[in-house]
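Here's the letter readout for the chains.
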Amino acid sequence: MDEVQTIEAAVLSFYRGGSEQQKETHKWLQQVQNSPQAWSFCWELMQLNKSSEIQFFGAITLNSKLRSDWAEVPKEAHHELKQKLLETIVLFGNGPKIVLNRLCISLGLFIVHMLQHPTVIEEVTNMFLHEQLGNLSKVTQIEILMTVLEGIPEEVKNIRTQIPRPVVCAELNRNAEFVMQTVVTYLNEKLAHSTVETHDMNGLINAAKCTGTWVAHGNVHLNDREGMIQTLLKAVHYCYWKEPKDDGSLMSEENELAETALKSLANIISSYATQNAKYSFTVINYMKMFLDVLVPILDAEYKESNANENLALMIYALFISTLECFSSAIFAGIVTDSEEVSKVYTRTVDMLIKCTDKPGTYPVDESCSTYAMEFWYMLQEEVLSMNNGEHKKRCLEAIKPVYAHVVKVLVRKSQLPTESSLHKWNDDDLEAFRCYRQDIGDTLLSCHDVLNDLMLDVLSDALDESIMYLSYDPQSTESWTLLEATIHAFCSIAQKIEYTEHQQIVKLLKVLNEIPYEKYNDKLFGMALETVGAYSDWIGDNPKYLPPAITLLVKGLNSTKASQATLGLKDLTSECQKEVIPYALPLLDACRTALQEGHLKNAEMIRLMYTVGNILSVISYENIILYLDAMVSPCFEELQAHVQNNDLTEPTKARVILRLEMISKLFSSLNIRKPTEGDMDKGLVGVGGSHKLPFPPGAPAAQPDAPVQPILLILEKTMGLLKSLCTLWIHDETVIDTLCKALQQALSNLMDDIKPLLTEMCCLVLSILNTNCVVSAADIAGNFILMFYNDQDCRQLMVQLFTAIMDYSFNQMQLNLGKLSRIADLIETFYAFNTRISKKIPICYSEVQVDCMKLVDYATKCMMLPETGPMKKSVAFITMFVKESFHHPVMMNVIVEQGENIVRTAFLCIGGTALRTQVEIFADIFLALNYRYPSYFIVWMKMLETPNFPTAYVSANDKEQFMRKVIRERINKRLVQDHVRKFAALCRNIVEYEHK
């Protein structure tokens with residue numbers, strides 16, 4: 001079997017074999033594609049007597065070679081290659097389409113390589129226009145030409161070419177107008193007829209695409225694009241108003257042409273976005289053209305479940321894109337003496353109000369209304385950002401009626417689906433609607449910024465209407481959706497409502513307590529509970545409305561909406577902690593009953609414990625002890641039973657995790673020494689810069705005989721149980737992680753108060769570190785070290801913890817060398833910890849026996865990981881270590897020894913290992929080294945003089961310039977980041993295009 005037959009067999013095996021076989025075959029085929037022999041066999045594979053799979057493989061092989069291996073083609077073979085390519089295009093001119101498309105891309109790639117010949121694009125274009133390609137029909141030749149031309153600008157971004165990038169860009173700009181003129185002339189010629197022949201549609205579609213891909217080139221002013229815009233609008237108009245199908249939908253070809261023309265129009269507008277002020281008059285003219293041609297189409301499609309919804313969507317997208325790019329030009333029409341500008345603004349607003357109020361329910365009946373949300377944000381942002389003065393005042397007054405109307409529309413559009421309509425909703429629809437309601441909530445916030453207190457009047461009227469609607473048919477179980485939507489609107493703006501006793505909010509809370517929820521869908525009750533929670537801050541400033549709020553939320557604990565009730569109680573007891581004191585004991589009793597009855601879900605039980613902690617923090621110490629015994633003891637009793645039974649089953653594990661998470665949540669909120677605003681203002685700071693926790697107002701400052709923190713009491717009584725639990729579950733990461741997080745919450749809350757139990761807790765954490773070092777164990781150990789390392793009484797214990805963290809992490813990295821991504825979470829935590837150590841207690845590295853050389857060496861390896869977290873944390877550690885090393889000889893020696901390796905690794909990351917969007921972070925390392933070790937840094941930077949380092953794409957001159965710029969700059973981080981970003985683009989052979 002010869003080589004070609006072997007390749008053919010492999011291709012068929014790949015397309016028709018099993019997944020394991022495909023994996024190996026794919027690897028082998030890639031090697032074949034990369035070989036120099038591919039230039040020969042690809043033509044043999046592209047024969048009409050071969051299967052389509054083999055033909056396609058031949059075509060993509062030619063693509064690959066032209067894109068990546070042009071240097072293998074000798075100059076004298078260029079003409080022969082062009083002829084072969086054209087002959088093969090003729091061969092496949094009538095299909096298969098997938099092969100022909102690849103050949104068109106290949107011809108585009110060939111043209112890019114030949115751009116040093118100034119007439120190459122014109123020559124190829126004229127060849128097709130004058131029908132010089134064998135026996136292919138004129139229609140086919142035009143279709144192929146448009147496909148080839150369309151792909152050229154896109155291929156320039158990915159191709160490896162021997163022509164300098166600036167020359168390639170200059171040639172594209174020089175040829176752009178010739179291409180555009182050719183394309184627009186063809187479009188106009190075809191659209192001039194009353195009917196376009198079906199066989200011309202593909203050529204027209206490709207021509208319309210062409211305008212969108214070439215518009216970024218040519219250095220042409222936006223006002224000179226009017227002819228092209230008129231032509232594209234003509235294409236949309238023709239496609240829509242031509243005879244549609246019986247169901248009202250466009251034919252597939254007409255639909256594709258119209259959508260392609262709209263995409264190209266959006267590309268044309270957006271390519272001039274950076275020149276907003278320059279084209280104000282031109283944009284107004286174009287918007288008028290858009291409105292004249294496209295709004296009649298939108299009006300015709302203004303109905304539920306229309307057949308051309310996607311076309312309408314794209315028309316709205318074009319308008320929004322134009323507004324994003326040229327908002328100030330259009331919004332000048334809010335208040336203006338220009339009748340034309342005013343009309344364009346008014347027509348735009350009217351059109352987008354209709355878009356917001358599109359008939360039907362999103363997303364099952366319509367999908368356009370979501371597009372208008374952004375406009376309402378843009379309009380209010382434009383007006384509110386104006387300088388204070390008479391003009392701003394006039395603009396605000398002008399848009400207020402618009403926003404008042406929009407609020408009513410949004411309330412109506414946010415109605416939930418009724419039970420009778422849910423049959424036509426799937427899970428994706430429900431999720432899309434959830435996001436849509438969130439967008440409506442955000443838009444209502446923008447409306448409030450414009451309307452302020454008037455917003456409450458509008459919503460209050462809507463509340464009256466929804467209640468009236470509910471009373472029209474008291475027997476209906478599906479009339480609740482408008483009321484629920486109105487309550488949702490109130491909920492959405494809660495964060496904007498100030499402390500004033502607004503009568504509209506008073507009325508809302510009264511209504512919420514009077515609704516007979518049992519008659520309606522439980523979603524109405526859920527929304528009411530969520531809204532009460534959202535107004536917790538306002539209730540804290542108006543505490544006389546606290547009792548009805550508590551009553552409603554407690555009622556919710558015993559309903560199917562307990563989730564919203566527990567969330568509401570969490571917010572209410574956090575924002576109204578002092579105000580809740582008179583109601584604390586009954587509220588605790590209600591929480592205890594709900595926990596005991598067993599109907600709450602795990603997340604609800606956990607959340608409720610946060611509320612319990614908030615309430616316990618403000619009641620008398622005697623009552624705290626009583627309620628802790630009643631409400632927390634069951635958690636520990638259950639854990640004790642599991643330990644005694646030595647039970648390691650999955651159901652038991654789930655219960656253990658639940659109880660630990662409940663304890664953790666209690667630990668996060670229970671604190672009898674929470675700070676007051678006055679204490680914060682005095683800057684009372686504890687260990688590690690955190691605020692100490694003084695007594696409440698009126699209580700004495702912390703004294704030796706002050707009450708013991710309740711969390712400390714709990715830990716003192718249960719530390720033995722927690723140790724036993726840890727021993728039993730030591731090999732289960734989930735349980736140990738949950739236990740460590742509970743201890744971390746205790747530490748975060750108690751701070752210095754934890755000292756009586758410090759030794760026991762550290763021993764527990766040490767046992768975890770030495771056996772199953774979960775990330776949270778390293779986290780809490782790090783916090784202990786940062787808090788207590790400088791305390792001489794605790795120094796030895798902290799050294800043990802520090803050594804245990806380092807030994808475990810080094811051991812894990814050694815075991816996973818070459819596959820460090822497996823322990824990405826550990827690496828991220830480990831280097832975040834070491835960054836804090838380097839910043840706060842760098843002396844630690846000198847006083848503790850730590851292999852700092854290994855620490856930095858592993859960090860350089862982790863810099864090259866594909867995961868963003870570990871990479872960023874490793875870079876941050878090295879940066880901080882370098883900055884602090886100057887004052888510590890041990891650290892300084894490491895940097896002097898490892899500096900060259902650090903710089904080399906940074907260059908490799910910039911050159912291609914790191915994501916291009918992440919490369920700017922390496923500027924931090926360069927700045928730190930250049931600032932602390934300038935003479936060494938100059939020497940280390942000279943490694944760039946190595947040929948083909950970090951990649952073969954960047955020239956010696958570019959490297960020299962980069963070195964000079966980076967070495968010269970020691971302070972300006974933004975400037976060095978800019979140098980690094982541009983150097984990364986050069987290393988990757990990527991052109992950074994700048995808009996005209």
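Being a predicted model, the structure only gives us computed values, none of them experimental. (Residues numbered from 1 in each chain as written. Predicted model: local features only at pLDDT ≥ 70, side-chain atom pairs only at ≥ 80, totals over all residues. Heavy atoms only, no water.)

Draft legend 1. Representation of the overall build of the protein chain within the structure. Per the secondary structure count, the protein chain includes 46 helices and zero strands. Across its three principal axes, the protein chain shows a C-alpha extent of roughly 100 × 80 × 60 Å. Each of the 996 residues in the protein chain was classed as buried or not, and the buried ones make up 54%. The long-range share in the protein chain, meaning contacts at least 24 apart out of those at least 6 apart in sequence, stands at 75%. Accessible surface computed for the protein chain: about 43600 Å², of which carbon and sulfur atoms make up 50%. (Helix = DSSP H or I, 4+ residues; strand = E, 2+ residues; numbered from the N terminus. Buried < 20%, exposed > 50% of the residue type's maximum accessible area, 1.4 Å probe, protein only. Contact = heavy atoms within 4.5 Å. Areas by Shrake-Rupley, 256 points an atom, 1.4 Å probe, with all protein chains shown as cover.)

Draft legend 2. Quick peek at the packing of helix H18 (residues 390–413) against helix H19 (residues 427–451). Orientation of H18 relative to H19, taken along the N-to-C sense of each, is 155°, at an axis distance of 9 Å. Looking at the two axes, H18 sits roughly antiparallel to H19. Judged by the sense of rotation from one axis to the other, the crossing of H18 with H19 is left-handed. Residues Leu396, Ile399, Lys400, Tyr403, Ala404, Val406, Val407, Leu410 and Lys413 of H18 form the contact with H19, whose participating residues are Phe433, Tyr436, Ile440, Thr443, Leu444, Cys447, Val450 and Leu451. Counted by class, the contact of H18 with H19 contains 14 nonpolar, one polar and two charged residues. (Axes fitted to C-alpha atoms, helices over the stretch in contact; angles between N-to-C directions. Parallel < 35°, antiparallel > 145°, perpendicular 65-115°, else oblique. Left-handed = near helix turned anticlockwise from the far one by under 90°. Nonpolar A, V, L, I, M, F, W, Y, C, P; charged D, E, K, R; others polar.)

Draft legend 3. Quick look at the pattern of salt bridges. Under the defined criterion, the tally for this structure stands at 40 salt bridges. In this structure, Glu760 engages Lys723 in a salt bridge whose closest nitrogen and oxygen atoms are separated by 3.2 Å. In this pair, Glu760 is assigned in helix H35 (residues 758–771) and Lys723 in helix H33 (residues 710–728), connecting sequence segments 37 residues apart. The residue Lys755 makes a salt bridge to Asp791 at a minimum N-O spacing of 2.6 Å. Placement of Lys755 in the loop between helix H34 (733–750) and H35 and of Asp791 in the loop between helix H36 (775–788) and helix H37 (795–815) is noted, with a sequence separation of 36 residues between them. (Salt bridge = Lys/Arg side-chain N within 4 Å of Asp/Glu carboxyl O.)

Draft legend 4. Geometry of the packing of helix H5 (residues 78–91) against helix H6 (residues 97–113). The contact between H5 and H6 brings their axes to 10 Å, and the two run at 155°. Judged by the inter-axis angle, H5 sits roughly antiparallel to H6. As for how H5 packs across H6, the hand of that crossing is left-handed. Residues His78, Leu81, Lys82, Leu85, Leu86, Thr88 and Ile89 of H5 form the contact with H6, whose own contacting residues are Leu100, Leu103, Ser106, Leu107 and Phe110. Across the contact of H5 with H6, the residue classes tally to eight nonpolar, three polar and one charged.

Draft legend 5. Quick peek at the environment of Met351. Structurally, the position occupied by Met351 is in helix H16 (residues 339–356). Taking the C-alpha atoms as reference points, Met351 and Lys578, separated by 227 residues in sequence, lie 51 Å from one another. Residues in contact with Met351, not counting those within four places in the same chain, are Leu291, Val295, Leu298, Tyr316 and Phe319.

Draft legend 6. Geometry of empty space enclosed by the protein. Counting across every chain of the model gives one cavity of 30 Å³ or more. Here the largest cavity defines a volume of roughly 30 Å³. Around the largest cavity, the lining residues are Leu509, Asn513, Val532, Tyr545, Pro548, Ala549 and Leu552. Put simply, the parts of the chain that give the lining of the largest cavity at least two residues each are helix H22 (503–514) and helix H25 (546–557). With three residues, H25 is the largest single contributor of residues to the lining of the largest cavity. In terms of residue class, the lining of the largest cavity is made up of six nonpolar, one polar and no charged. (1 Å grid on protein atoms, 1.4 Å probe; cavity = no way out; pocket = protein on both sides within 12 Å on 5 of 7 lines; lining within 4 Å. Points joined across faces, edges and corners; volume = space filled by probe spheres on them.)

Draft legend 7. Quick peek at the packing of aromatic side chains. Here the structure, examined in full by the defined rule, presents 31 aromatic pairs. Considering the side-chain rings of Phe802 and Phe833, the 5.9 Å spacing of their centres and the 55° angle between planes classify their relative orientation as tilted. Here Phe802 is found in helix H37, whereas its partner Phe833 is found in helix H38 (residues 824–840), with 31 residues between them in sequence. Each of the two residues, Phe802 as well as Phe833, counts as buried. (Phe/Tyr/Trp six-rings, centres within 6.5 Å; stacked < 30°, edge-to-face > 60°.)

Draft legend 8. Expanded view of a negative patch on the surface. On the surface, a cluster of negative charge is made up of Asp453, Asp457, Asp461, Glu465 and Glu498. Asp453 gets classed as partly exposed once you look at its relative accessible area, which sits at 48%. (Patch = residues over 30% accessible without salt bridge, like charges linked within 9 Å, V, L, I, M, F, W, Y side chains within 5 Å. Lys, Arg positive; Asp, Glu negative; His and termini not counted. Charge placed at Lys NZ, Arg CZ, Asp CG, Glu CD.)

Draft legend 9. Representation of the UniProt feature "domain: Importin N-terminal" (unreviewed entry) in the protein chain in the model. What UniProt calls "domain: Importin N-terminal" (unreviewed entry) maps, in this numbering, to residues 25–91. Helix and strand shares over residues 25–91 are 73% and 0% respectively, and the end C-alpha atoms of the span are 28 Å apart. (UniProt positions renumbered as here; feature names shortened; annotations may be inferred.)

Draft legend 10. Spotlight on a positive patch on the surface. Judged by side-chain charge, Arg836, Lys839, Lys840 and Lys883 come together as a positively charged surface patch. The element that contributes the greatest number of residues to the positive patch is H38, accounting for three residues. The topology assignment puts Lys839 in helix H38.

Draft legend 11. Representation of the side chain of Thr486 in the model. In this structure, Thr486 sits in helix H21 (residues 481–492). Separated by 2.8 Å, the side chain of Thr486 and the backbone oxygen of Leu482 make a polar contact. Beyond its immediate stretch of four places on either side in the chain, Thr486 contacts Val411, Leu459, Ala462, Leu463 and Ser466. (Polar contact = N/O pair within 3.5 Å; in protein donor to acceptor, adjacent residues only side chain to side chain.)

Draft legend 12. Structural context of a nonpolar patch on the surface. Residues Met468, Tyr469 and Tyr472 make up a contiguous nonpolar surface patch of about 370 Å² in total accessible area. A relative accessible area of 45% places Met468 in the partly exposed class.

Draft legend 13. Structural context of helix H8 (residues 138–156). The end-to-end C-alpha distance of H8 is 28 Å, a good match for the 27 Å that 19 residues give at a rise of 1.5 Å each. Counting buried positions along H8 yields 15 of 19 residues, so the element is predominantly enclosed. (Expected span 1.5 Å × (residues − 1).)

Draft legend 14. Region of the structure containing the nonpolar core. Membership of the largest hydrophobic core comes to 348 residues, with the highest contact counts inside it found for Leu294, Trp376, Leu715, Phe784, Met798 and Phe922. No other element matches the 12 residues that helix H13 (residues 280–300) contributes to this core. In this view, Trp376 contacts Val349, Leu352, Ile353, Thr356, Val402, Tyr403, Val406, Thr443 and Ser446; residues no more than four positions away in its chain are not counted. Judged by nonpolar contacts, the second largest core, of 11 residues, contains Val4, Ile7, Val11 and Ala38. (Core = buried A, V, L, I, M, F, W, Y, C linked by side-chain atoms within 4.5 Å.)

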